[in-house]
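Letter by letter, the chains look like this.
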Amino acid sequence: MFIGFARFERIYSLIRYRRSSCKNFGLSSFNSNFRDYNINIDIVKVSQWADCKINDIVSIEPYSDIDTIRKPPICSDLNAIKSIWVPAYEKIAIEIVCETNCEADTFHITEKTLRPMYYRRPMLVIGPINYMKRLREMGFRTFENIIPQEYDSLDGLARVDAVFTTLENLIQNKNLDNILTECNDDLEHNYRLVQKISQEHLMNSLKN
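Treat the numbers as computed from the prediction; the structure is a model and nothing was measured. (Residues numbered from 1 in each chain as written. Predicted model: local features only at pLDDT ≥ 70, side-chain atom pairs only at ≥ 80, totals over all residues. Heavy atoms only, no water.)

Before going further, it helps to spend a moment on a nonpolar patch on the surface. Residues Leu202, Met203 and Leu206 make up a contiguous nonpolar surface patch of roughly 310 Å² in combined accessible area. Note on placement: Met203 falls in helix H10 (residues 184-207). By relative accessible area, which is 45% here, Met203 ends up partly exposed. (Patch = residues over 30% accessible without salt bridge, like charges linked within 9 Å, V, L, I, M, F, W, Y side chains within 5 Å. Areas by Shrake-Rupley, 256 points an atom, 1.4 Å probe, with all protein chains shown as cover. Salt bridge = Lys/Arg side-chain N within 4 Å of Asp/Glu carboxyl O. Helix = DSSP H or I, 4+ residues; strand = E, 2+ residues; numbered from the N terminus. Buried < 20%, exposed > 50% of the residue type's maximum accessible area, 1.4 Å probe, protein only.)

This is how it looks when you write it as structure tokens:
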């Protein structure tokens, strides 16, 4: 799980991650610094939902398990550096994607969703309601044979809880042991579709 800006759902995702068993063998990064932020209602709501003190949240320091800590926004060219991501994804069985926009009735794909597709990894997405459904409508596959999709009917902090419950169940049931093999057809399908869309986008850009 890789976090740039500390937004509402992302702050709570970080807390859930730190409380879960996943942190013992996961990779994560948090590139925000709460000293750069004013305390706002979002952090108050998160502290209430997570049943923790505001000071426990804002005292979390920036860190990274994969590379140098970078101040947000993380530039697109840095996201594309293979020397960073190749060794990281070699260690990843599944990624928790914290999308940029989590507002209800929205659908906006960023590099956060496309990156695990490019590196052929399954994912759970913290985003708006029906995000995975809309990915499927675009032709992508969401690993339904392995990953339950019930969490996709939720948004906000409830979705974050459901994502981590889903991940913890996958770990407990040892479904992650062979997840790359079990999801291989879907992973290859998504990779080819990302490549196709990228090429079409490039060609359209050149025409314009």
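Time to look at the confidence of the model for the protein chain. Of all residues in the protein chain, 94% have pLDDT values of 70 or greater, and the mean over the chain is 90. Looking across the protein chain, the model is least confident in helix H4 (residues 76-79), with a mean pLDDT of 65, and most confident in strand S5 (residues 123-126), with 98. (pLDDT = per-residue confidence, 0-100.)

Once that is clear, we can look at the packing of helix H6 (residues 111-118) against H10. Between H6 and H10, the shortest axis-to-axis distance is 8 Å and the interhelical angle comes to 125°. Classified by the angle between their axes, H6 and H10 sit oblique to one another. Seen from above, H6 lies across H10 with left-handed handedness. On H10, the residues touching Leu114, Met117 and Tyr118 of H6 are Asn190, Tyr191, Val194 and Gln195. Here the residues of the contact of H6 with H10 sort into five nonpolar, two polar and no charged. (Axes fitted to C-alpha atoms, helices over the stretch in contact; angles between N-to-C directions. Parallel < 35°, antiparallel > 145°, perpendicular 65-115°, else oblique. Left-handed = near helix turned anticlockwise from the far one by under 90°. Contact = heavy atoms within 4.5 Å. Nonpolar A, V, L, I, M, F, W, Y, C, P; charged D, E, K, R; others polar.)

The next subject is H10. Over its 24 residues, H10 extends 35 Å from the first C-alpha to the last, a length consistent with the 34 Å expected when each residue adds 1.5 Å. For H10, the complete set of buried residues consists of Asp186, Leu187, Asn190, Tyr191, Leu193 and Val194. Where H10 is buried, its residues touch H6 and helix H9 (179-182). (Expected span 1.5 Å × (residues − 1).)

Read from one edge of the open sheet, three strands run S1-S2-S3, paired in mixed fashion. In this open sheet, the two edge strands, each paired with only one partner strand, are strand S1 (2-3) and strand S3 (63-64). Here strand S2 (residues 29-30) runs beside S3; their pairing, made up of two bridges, is antiparallel. In the sheet register, Ser29 faces S3, and the bridge partner there is Ser64. (Pairing = 2+ DSSP bridges.)

Quick look at the pattern of salt bridges now. Within the structure shown, the criterion is met by 11 salt bridges. Note that Arg35 is salt-bridged to Glu61, the shortest N-O span being 2.7 Å. Highlighted residues: Arg35 in the loop between S2 and helix H2 (41-50) and Glu61 in the loop between helix H3 (54-58) and S3, separated in sequence by 26 residues. The class for Arg35 is exposed, based on a relative accessible area of 61%. Note that Asp152 and Arg159 form a salt bridge whose closest N and O atoms lie 2.8 Å from each other. Of the two residues, Asp152 and Arg159, both sit in the buried class. Through salt bridges with shared partners, a single ionic network connects Arg16, Asp161 and Glu168.

Although it is not a glycine, Asp51 adopts a positive phi angle of roughly 55°. By secondary structure assignment, the location of Asp51 is in the loop between H2 and H3. The class for Asp51 is exposed, based on a relative accessible area of 68%. The backbone phi angle of Lys174 is positive, close to 60°, even though this residue is not glycine. The residue Lys174 is located in the loop between helix H8 (156-172) and H9 in this model. Its relative accessible area of 58% is what places Lys174 among the exposed residues.

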